[in-house]
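Structural overview
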Amino acid sequence: MIAIIDYGMGNLYSIKNAFEKTGADVRIVTDANAFKDADAIVIPGVGAFDSAMKKIAPLKQDILDVVKSGTPFMGICLGMQVLFDKSAEGKAPGLGMLSGNVVKLPKTVLSPQIGWNELKIKKHISLLDGISDGDFFYFVHSYYCAPKDKPLVAASVEYGTDVTAVVAQDNICGLQFHPEKSGPKGLAILTNFAGSVKC
Amino acid sequence: MLAKRIIPCLDCDLGTPEGRVVKGKEFKQIKYAGIPWELAEKYYNDGADEIVFLDITASSDRRETMTDVIKKTAQSVFVPLTVGGGISSLSDARKVFTSGADKVSINTSALKNPALINEISEDYGRQACVVAIDAKRRYDHLDGRITVKTSLGECWFECSTHGGRQFTGMDAIEWAKEADERGAGDILLTSMDRDGTKDGFDIELTKAVAESVRIPVIASGGVGKPEHMREVFQKTKAQAALAASIFHYNEYSIMDVKKYLKKNGVHVRI
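What you are looking at is a predicted structure, and each value in this text was computed from that prediction instead of being measured. (Residues numbered from 1 in each chain as written. Chains lettered and ligands numbered in written order. Predicted model: local features only at pLDDT ≥ 70, side-chain atom pairs only at ≥ 80, totals over all residues.)

Concerning the overall build of chain B
Selection rule: The secondary structure listing takes helices from DSSP runs of H or I that are at least 4 residues long and strands from runs of E that are at least 2 residues long, numbered from the N terminus. In this treatment the radius of gyration is a C-alpha quantity, and the globule benchmark scales as 2.2 Å times the residue count to the 0.38 power.
Of the regular secondary structure elements, chain B holds 10 helices and 13 strands. Compactness check: chain B gives a C-alpha radius of gyration of 17 Å against a globular reference of 18 Å for 270 residues, within 12% of the reference. Expressed as lengths along the three principal axes of its C-alpha atoms, the size of chain B is roughly 50 × 45 × 40 Å.

Details of the interface of chain A and chain B
Stated formally: The contact criterion used is a C-beta to C-beta distance within 7 Å, with each C-beta placed from the backbone. Note on residue classes: Ala, Val, Leu, Ile, Met, Phe, Trp, Tyr, Cys and Pro are nonpolar, Asp, Glu, Lys and Arg are charged, and everything else, Gly too, is polar.
If you look at the interface, chain A gives 22 residues, while chain B gives 21 residues. Among the secondary structure elements, those contributing two or more residues to the side of chain A that touches chain B are helix H1 (13–21), strand S7 (113–118), strand S9 (136–141) and helix H6 (183–195) of chain A. With five residues, the top contributor of residues to the side of chain A that touches chain B is S7(A). When its residues are assigned to classes, the side of chain A that touches chain B shows 11 nonpolar, seven polar and four charged.

Focus: the nonpolar core
Filter applied, for reference: We define the nonpolar core as any set of buried residues of the types Ala, Val, Leu, Ile, Met, Phe, Trp, Tyr and Cys, connected via C-beta atoms lying within 7 Å of each other. Partly exposed residues are those whose C-beta has more than 12 but fewer than 20 other C-beta atoms within 10 Å; with 20 or more the residue is buried, with 12 or fewer it is exposed, and the C-beta atoms are placed from the backbone.
Judged by nonpolar contacts, the single largest core of 158 residues is most densely connected at Val104(B), Val131(B), Ile187(B), Val209(B) and Ala241(B). The residues contacting Val131(B), other than those within four sequence positions of it, are Ile106(B), Ala110(B), Ile117(B), Ala179(B), Ala184(B) and Ile187(B).

Topic: the pairing of strand S13 (residues 240–243) of chain B
The side chains of a regular strand alternate between both faces of the sheet. Residues and elements named next belong to chain B. Stated formally: A pair of strands counts as paired when DSSP detects no fewer than two bridges linking them. If the strands point away from the viewer and the path from the first strand over the helix to the second runs clockwise, then the crossover is right-handed.
Here S13 shows no split at all, with Ala240 and Leu242 on one side and Ala241 and Ala243 on the other all buried. Pairing analysis gives four bridges linking strand S1 (residues 5–13) to S13, with the strands arranged parallel. In the strand pairing of S13, Ile7 is matched with Leu242. Bridge analysis of strand S12 (residues 217–220) against S13 gives three bridges, and the strand direction is parallel. The residue bridging Ala219 from the neighbouring strand is Ala241, located in S13. Between the parallel elements S12 and S13, the chain passes through helix H8 (residues 226–235) in a crossover that is right-handed.

Quick notes on helix H1 (residues 36–45) of chain B
Residue and element names in this part refer to chain B. The criterion, for reference: By definition, the arc is the one covered by directions from the helix axis to the C-beta atoms.
Pro36, Trp37, Leu39, Ala40, Tyr43 and Tyr44 are the residues of H1 that are buried. Down the axis of H1, the smallest arc covering the buried residues is 160 degrees, so these residues share one side. Of the residues trailing H1, Gly47 is marked for its positive phi of about 105 degrees.

What about the sheet that holds strand S5 (residues 86–87) of chain A?
Residue and element names in this part refer to chain A. The strand order across the open sheet built from three strands is S5-S6-S10, with neighbouring strands paired in mixed fashion. Strands with a single pairing partner mark the edges of an open sheet, and in this sheet they are S5 and strand S10 (143–147). Sheet analysis places S5 next to strand S6 (residues 100–104), joined by two bridges and oriented parallel. Across the sheet, Ser87 pairs through a bridge with Val102, a residue of S6.

Focus on the pairing of S1(B)
Residues and elements named next belong to chain B. In terms of burial, S1 is a largely internal element, nine of the nine residues being buried. The alternating pattern of S1 places Arg5, Ile7, Cys9, Asp11 and Asp13 on one face and Ile6, Pro8, Leu10 and Cys12 on the opposite face, and all of these are buried. Note that S1 and strand S2 (residues 20–23) share three bridges and pair antiparallel. Counted as the bridge partner of Asp13 is Arg20 from S2. Hairpin connection, S1 to S2: the antiparallel pair is bridged by six residues, and Gly19 has positive phi, about 80 degrees.

What to know about the environment of Ser99(B)
Residues and elements named next belong to chain B. Residue position: Ser99 is located in helix H3 (residues 90–99). The spatial distance from the C-alpha of Ser99 to the C-alpha of Tyr43 is 20 Å, given a sequence separation of 56 residues. Setting aside anything within four residues of it in sequence, one finds Ser99 in contact with Thr67, Ile70 and Lys71.

With respect to the environment of Val82(A)
Residues and elements named next belong to chain A. Mapped onto the elements, Val82 comes out in the loop between helix H5 (78–81) and S5. Judged by the 27 C-beta atoms lying within 10 Å of it, Val82 is buried. With 44 residues separating them in the primary sequence, Val82 and Ser126 have C-alpha atoms 23 Å apart.

Brief notes about the sheet that holds strand S12 (residues 162–169) of chain A
Residues and elements named next belong to chain A. Selection rule: Each axis is a line fitted through C-alpha atoms, taken for helices only over the stretch in contact, and angles between the N-to-C directions span 0 to 180 degrees.
In space, the eight strands of this open sheet follow the order S2-S1-S3-S4-S13-S12-S11-S8, with mixed pairing throughout. For this open sheet the edge positions go to strand S2 (26–29) and strand S8 (120–121), each flanked by a neighbour on one side alone. With four bridges connecting them, strand S1 (residues 2–5) and S2 associate as parallel partners. Across the sheet, residue Ala3 finds its bridge partner in S2, namely Arg27. Those strands touched by H1 are S1, S2, strand S3 (40–43) and strand S4 (73–76), and its axis lies near 160 degrees from that of S2.

Brief notes about the packing of helix H7 (residues 203–210) of chain B against H8(B)
Residue and element names in this part refer to chain B. Note the following rule: Here a crossing is taken to be left-handed if its near helix is turned anticlockwise relative to the far helix by less than a right angle, and right-handed if that turn runs clockwise.
Direction vectors running N to C along H7 and H8 enclose 35 degrees, while the axes themselves pass 10 Å from each other. Between H7 and H8 the crossing geometry is right-handed. Every residue of H8 that contacts H7 at Ile203, Thr206 and Lys207 is listed here: Glu231, Val232 and Lys235. Residue composition of the contact of H7 with H8, grouped by class: two nonpolar, one polar and three charged.

Some details on H6(A)
All names here are of chain A. Just so we agree on the cut-off: One less than the residue count of a helix, multiplied by 1.5 Å, gives the span that helix is expected to have.
Here H6 contains 13 residues, and its C-alpha end-to-end distance of 18 Å stays within 8% of the 18 Å for a straight helix at 1.5 Å per residue. Along H6, the residues that are buried comprise Gly183, Lys185, Gly186, Ile189, Leu190, Thr191, Phe193 and Ala194. Those residues of H6 that are buried are in contact with S1, H1, S4 and S9.

Here we look at the packing of H8(B) against helix H10 (residues 254–263) of chain B
Residues and elements named next belong to chain B. Put simply, the test is: Relative orientations are named as follows: roughly parallel for angles under 35 degrees, roughly antiparallel for angles over 145 degrees, roughly perpendicular for angles from 65 to 115 degrees, and oblique for any other angle.
Contact geometry for H8 and H10: axes closest at 9 Å, N-to-C directions at 45 degrees. Relative to H10, the element H8 is oriented oblique. Note on packing geometry: the crossing formed by H8 with H10 is right-handed. Here Pro226, Met229 and Arg230 of H8 come into contact with H10, specifically with Asp256, Val257, Tyr260 and Leu261.

Looking at unusual backbone geometry
Cis geometry marks the peptide bond from Ser111(A) to Pro112(A); its omega dihedral reads 0 degrees. Residue placement: Pro112(A) occurs in the loop between S6 and S7. One non-glycine residue with positive phi stands out, namely Cys77(A), at about 55 degrees. As for its placement among the helices and strands, Cys77(A) is situated in the loop between S4 and H5. Even without being a glycine, Lys198(B) presents a positive backbone phi close to 65 degrees.

Have a look at this one:
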């Protein structure tokens, strides 16, 4: 079972619908008991960094424990940004699972970035099986992740600068775009993630 | 680089249990084009970048039907879904978002209560609030207006409501700027002079509005063939084009239009 953690930041039904479309067994959960034994965990999120960290605080230790145990973990959009140490958007510390910061999009471009942008693949990972350079994904964000270790970045897009789109390290991955709103290519990524999970 | 978006618009009459997509609302002869979620799924499979549902139901018992229509659509359509028509409060918007829509489009209600733009944008993010502007050319009473010199003479653009039946005196360019400042994510700009004509977009209107705001403008009204989409993308800063009838009756598929645009140098998602 794939657990989508509902911590009160945004509508999770699109992600649930999209995973169901791929045939995965997926549930929206709100407490640690419900995700401790999950085969994989997804953290979505739309909104501001500090309010996300405040709402996620009661679950923080349980999330860190589950990830440490090796459970596959996916962060989407703001759910990707909270995996890092800190964000220019707020004062609260992030989950610190990945080292690096979240920074603002450059002033030379309109912010938020809203729309379909072309992926540049930096590193082949199984999550991106079937995805090619130039495939489009749907983005909505004003901040982006700047990992300390550049090799963490599996794909990026050009938007005023090289904007991190996909990160992957061990059992953790993060997507800045919305796979659940990115058409068949977005569903392909969710299928890859669900396929890598033993459930 | 962001792709230019191609957006099919489905005018929905929700007076029946499943709802119906209609075309020709401005004429007496209303034609039925299909069931909303079936058409939405077809457009999704054909490469639509977003889907817009516009509720044009006259009756008041439509809300439950819209919830069902959105829920069904969200199970099979995996691109952003915008819902407009009759959304007049934050709680109306909330119902639409909870059912699975990603954006709401507001028109009359925003003109009556501009703070609604701020409220939606603060709660759901800027991208979730589309402000629809129905603009009509006016060649008189130019004083104090933002005017544009067009091939037909100098004019200003007036905002209309209720599908072009009522006029507000509000300057469309002024209003677009205010909507941007209040937190709108897109301006859905329909030319009431061109809507339904198939003569092409009002390029002068689209250009003027798109150059006045910092948010994307969705051009609407008048598209009759793929060349019109190419023209609006090449002559204006519009980020998206919306069309209804050319897609509904299979005159052109969305993929046909996108292939044509790509061949002609417009950056689109294929």
